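# An overview of the molecular structure
What follows is the residue order along each chain.
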Amino acid sequence: MSVLSLVASSVAILAATSERAATPAVSAQLITAENGIAPGAGTVSAGLALALGEGWKTYWRTPGEVGFPPEIDWTGSRNVAEVEFQWPAPERFTAFGIENYGYHGEVVFPLRIALEQPGQPAHLSASVTLLTCSDVCVPQDFSLSLDLPQGTSIDPDSAARIADYAGRVPVGAEDGGIRSATAHVDADVTALTVTLRRSLPFEAPDVFPELGEGASLGTPDIRLGEDGDLLWARLPIISPPADPTAAISLTATDTDGWAVTVTPDRVATAPPPPYTEARTTAPLSSMVWIALTAFLGGVILNVMPCVLPVLSIKLSSAMKLEGAGRASVRWGFLASAAGVMAFMWGLAAVLFALRQAGVTVGWGLQFQNPVFLALMVAILAIFAANLAGAFEISLPPSLQTRLARAGGAGGHVGDFLTGAFAAVLATPCSAPFLGTAIAFALAGRGVDIALVFTFLGLGLAAPYLLVAARPGLVRHLPRPGRWMIALRVMLGLLLAVTAAWLVWVLRGVAGTTTMLTVLGMTAGLVMLLSLSRLRCTVRAGLALPLVGIILFAAGDLADTSTPRALSSQVTEWVRFDRAEIARRVSRGEVVFVDVTADWCLTCKANKALVLDREPVVSALAAEGVTPMQADWTRPDPAISRYLESFDRYGIPFNAVYGPAAPDGIVLPELLTPDVVMAALDDAVGEERDIAGQP
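Computed from a predicted model, the values in this text were never measured in an experiment.

What counts as what
Within every chain, residues take consecutive numbers counted from 1 along the sequence as written. For this predicted model, a pLDDT threshold of at least 70 governs which residues receive local features, and a threshold of 80 or more governs which side-chain atom pairs are given and counted, while totals over whole chains, interfaces and linings are taken from all residues. Water and hydrogen atoms play no part in the side-chain values, which are based on all heavy atoms of the structure. Helix and strand assignments come from DSSP, with helices taken as H or I runs of at least 4 residues and strands as E runs of at least 2, each series counted from the N terminus. For every residue, the accessible area obtained with a 1.4 Å probe (protein chains only) is divided by the maximum for its type, and the residue is called buried under 20%, exposed over 50%, and partly exposed between those limits. Contact between two residues is taken to exist if any of their heavy atoms lie within 4.5 Å; hydrogens are not considered. The accessible surface values rely on the Shrake-Rupley method and a 1.4 Å probe; as for residues, cover is taken only from the protein chains in view. DSSP bridges decide pairing: two strands pair if at least two such bridges lie between them. To get an axis, fit a line to the C-alpha atoms, keeping to the stretch in contact for a helix; angles then go from 0 to 180 degrees between the N-to-C directions. We call two directions roughly parallel when the angle between them is under 35 degrees, roughly antiparallel when it is over 145, roughly perpendicular when it lies between 65 and 115, and oblique otherwise. Polar here means any residue outside two lists: the nonpolar Ala, Val, Leu, Ile, Met, Phe, Trp, Tyr, Cys and Pro, and the charged Asp, Glu, Lys and Arg; Gly therefore counts as polar. Here, nonpolar core refers to any group of buried Ala, Val, Leu, Ile, Met, Phe, Trp, Tyr and Cys residues whose side-chain atoms link them within 4.5 Å. For the purposes of this analysis, a disulfide is any pair of cysteine sulfur atoms at a distance within 2.5 Å. Two rings from Phe, Tyr or Trp (for Trp, the six-membered ring) form a pair when their centres are within 6.5 Å of each other. A pair whose planes differ by under 30 degrees is stacked, one over 60 is edge-to-face, and the rest are tilted. Whether a charge sits over a ring comes down to the Lys NZ or Arg CZ being within 6 Å of the ring centre and within 35 degrees of the ring normal. The predictor attaches a confidence to each residue, and that confidence, scored 0 to 100, is pLDDT. It is the rotation of the near helix from the far one that decides the hand of a crossing: anticlockwise by less than a right angle makes it left-handed, clockwise makes it right-handed.

## Examining the overall build of the chain
In terms of helices and strands, the chain carries 18 helices and 26 strands. Relative to its 694 residues, the chain shows a buried fraction of 50%. Put simply, of all contacts in the chain between residues at least 6 apart along the chain, 73% involve residues at least 24 apart. Total accessible area computed for the chain in this model is approximately 31,300 Å², and 59% of it derives from carbon and sulfur atoms.

## Brief notes about the sheet that holds strand β23 (residues 590-596)
Pairing in this open sheet of 5 strands is mixed, and the strands run β22-β24-β23-β25-β26 from one edge to the other. Edge positions in the open sheet fall to β22 (574-575) and β26 (661-666), since each of these has one partner strand only. The strands touched by helix α15 (residues 601-611) within the sheet are β23, β24 (625-631) and β25 (653-658), with β23 carrying the most contacts at an inclination of about 140°.

## Let's talk about the packing of helix α12 (residues 512-529) against helix α13 (residues 536-557)
Viewed as axis vectors pointing N to C, α12 and α13 meet at an angle of 175°, and their least axial separation amounts to 10 Å. Of the possible angle classes, the one that applies to α12 and α13 is roughly antiparallel. Residue-level contacts link Thr514, Thr517, Val518, Met521, Thr522, Gly524, Leu525, Leu528 and Leu529 of α12 to Arg539, Leu542, Ala543, Leu546, Val547, Ile549, Ile550, Ala553, Ala554 and Leu557 of α13. Looking at the contact of α12 with α13, its residues break down into 14 nonpolar, 4 polar and 1 charged.

## As for the nonpolar core
In terms of nonpolar packing, the biggest core is built from 86 residues, with Phe453 and Val595 touching the most fellow members. For Val595, the residues in contact, after removing those within four places along its chain, are Cys603, Ala630, Trp632, Ile639, Tyr642, Leu643, Ile651, Pro652, Phe653 and Asn654. Among the nonpolar cores identified, the runner-up in size contains 62 residues, and Ala122, Ile162, Tyr165 and Leu217 belong to it.

## Looking at the state of the cysteines
Simply put, the disulfide is a covalent bond whose two ends are the sulfur atoms of two cysteines. Tallied over the entire structure, the rule returns 1 disulfide. Cys600 shares a disulfide with Cys603; S-S distance 2.2 Å. Given an S-S torsion of about 80°, the disulfide between Cys600 and Cys603 has right-handed geometry. Here Cys600 and Cys603 have matching classes, each one buried.

## Some thoughts on the sheet that holds strand β20 (residues 259-262)
One open sheet holds the 3 strands; their spatial order is β15-β19-β20, and the pairing between them is antiparallel. The sheet is open, and its two edges are formed by β15 (206-210) and β20, each paired on a single side. Averaged over all adjacent pairs, the angle separating strand axes in this sheet is 15°, with direction ignored. Here 5 bridges tie β15 to strand β19 (residues 249-253), and the two strands are oriented antiparallel to one another. Residue pairing in the sheet places Glu210 in a bridge with Ser249 of β19.

## Looking at the packing of aromatic side chains
By the definition in use, this model includes 14 aromatic pairs. Above the face of the Tyr165 ring, Arg168 is positioned so that its terminal group lies 4.1 Å from the ring centre. Geometry around Phe202 places Arg198 over its ring, the cationic atom sitting 5.3 Å from the centre.

## Thoughts on the confidence of the model for the chain
Looking at the chain as a whole, its pLDDT mean stands at 80, while 81% of the residues score no less than 70. This model gives residues 1-13 a pLDDT under 50, and the stretch forms 19 contacts once residues within four places in sequence are excluded. A low-confidence stretch, residues 403-410 stays under pLDDT 50, and its non-local contacts, those more than four residues away or across chains, total 5 contacts.

## Some details on the pairing of β15
Within β15, 5 of the 5 residues are buried, which leaves it mostly tucked inside the rest of the structure. Where burial is concerned, the two faces of β15 agree: the one with Asp206, Phe208 and Glu210 and the one with Val207 and Pro209 are both buried.

## Quick look at the packing of helix α5 (residues 370-387) against α12
It is the contact of α5 with α12, at a shortest axis distance of 10 Å, that shows an interaxial angle of 35°. The two elements α5 and α12 cross, and the hand of that crossing is right-handed. On the side of α5, the interface is formed by Ala374, Val377, Ala378, Ala381, Ile382 and Ala385, while α12 contributes Val518, Thr522, Leu525, Val526 and Leu529. Along the lines of polarity and charge, the residues of the contact of α5 with α12 split into 10 nonpolar, 1 polar and no charged.

## So, unusual backbone geometry
Following Glu614, the chain continues to Pro615 via a peptide bond in cis, the omega torsion being 5°. Looking at the secondary structure, you find Pro615 in the loop between α15 and α16 (616-621). Phi at Asn79 is positive, roughly 60°, even though this residue is not glycine. Residue classification places Asn79 among the buried positions, given a relative accessible area of 9%. The phi torsion at Glu226 lies on the positive side, around 50°, for a residue other than glycine. Here Glu226 shows up in the loop between β17 (221-225) and β18 (230-239).

Here it is, written out as structure tokens:
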């Protein structure tokens, strides 16, 4: 219970106010319009008056993502039959990136008190519980009491205050001039779309939907149409309600104290917005800067942890071209670069289409799909077995001839596929500059997506383009010999290790049964291709249906219902809960958020090199520090929305919250111990030094 100082004010015998309960955060009184109970009167007009300190706020009946509304226990009152608590229209607050609804400054909650015995004296005894928040949150508990003897006088000041705030209580649809109200919740309970049509134009409206217990909503996208008579709003659902079918209540506010609460009609399809929001065109200098950023991000991707299988493919390609003419070398590497670019442009087109369809998009999200993982496992296993000498991949002679004629210099399909495959394998990695470029693209227009992915592809293809520009570089490679057999086996093993890693990722995404099924059928596929006694066309004819069965099994058997355990080998992580961040920070704690996934190789590198090593391990285990982990191995809309709130569409993502950093300190993609320790100390402020703690 908080420490309150009860300060007695001068109270007249027939005073219309209770004693005042005061703390630095809030001062509270019970007030009544009547100084006494008039003969025959069956009700009393009262109010809970709060004067909040500067920077402090308290909450509405639906507080938002965090907080709780004021509650009053009337136990101990006499001659009180029922109390109706009324809620003036709230305001919107944003703290820790979280939406809250409530009040600041002064607020009076009107109370309509029905008496058990009309005309008889009454005694009001109120035990009040409420939450006040500024940079920290402090629960408040206090008691207020007020005697109302028989009498007929009125306290004009209290009556005016109560009447003022009673006028701010939202009215119904008819009184508010509402002609229609609709609401739509999408099938995944991730977005709410509402509309209101009013007889007078809206000016600067806000909306406060209530979906039921447990629900919380993000920042609304509000638009006006039909000359201002139509209000359209879409809000992300941060936490779905316990009962998605519960009735929806919609409170809307506007200028001049207009406020209305209606029960909208549920509609089967989301009402379209009254217009398409025009996206701001970035200046040319920004476009140049973001293109350079994307290019550097692509170049750096070549040396990230996922580069190992990519390098193996590059080396394999270079070895094959050793001894060939300059033109052949150039065209081979240009074909590989074209493969990189084709994948990047294809990925850009898919992401743009998905975004237009309202689907969450991001970098590397295809690794959340068990079908994609199964396909990658099968392809890598085939490549590894091929490099190990289990079989040779060759196209039918007629197709080779056709491709050679079409390609002029000799058909570079393999080179093209090598580049495309290298780009595919690069997507589980992040790199400096990459996050900034991807965020710019996915938050921008179609041309922004095309620009960023073009230069990202050029950066990733830079080694191929370099060799294509200087074909003589391949002469510096060792000459072919027996050593190439050992190198080929070694590269095959590296690809096999990559395939094994993807099998492990598949287990996390789709479950053990799916993983074992895909693993067994992939082994069968490799064995089938290794049967040299069968003709190549026969093996290919049998292998293709088997690949289809593998993909179907991966999708059909995927089990995503079992919750995944958090990694806790070194640090005891707690599961990600966006609202819990604010609660802990309000208690003066520091929260370190790590968004990770099994398929994110950069995340694994951060963990191995920084997060699971001293001094970071001790700092995360220190008193008052909460390490919080968000596992994005599987699709999770809550994590997606959290990342989007920072304009991030890929991982790793790390942020540190604390009393001195309530909105979070975002860390770079590649962590260092110094960066993490500095952020922890900056978040806690000047009062503590986490780095100095044992």
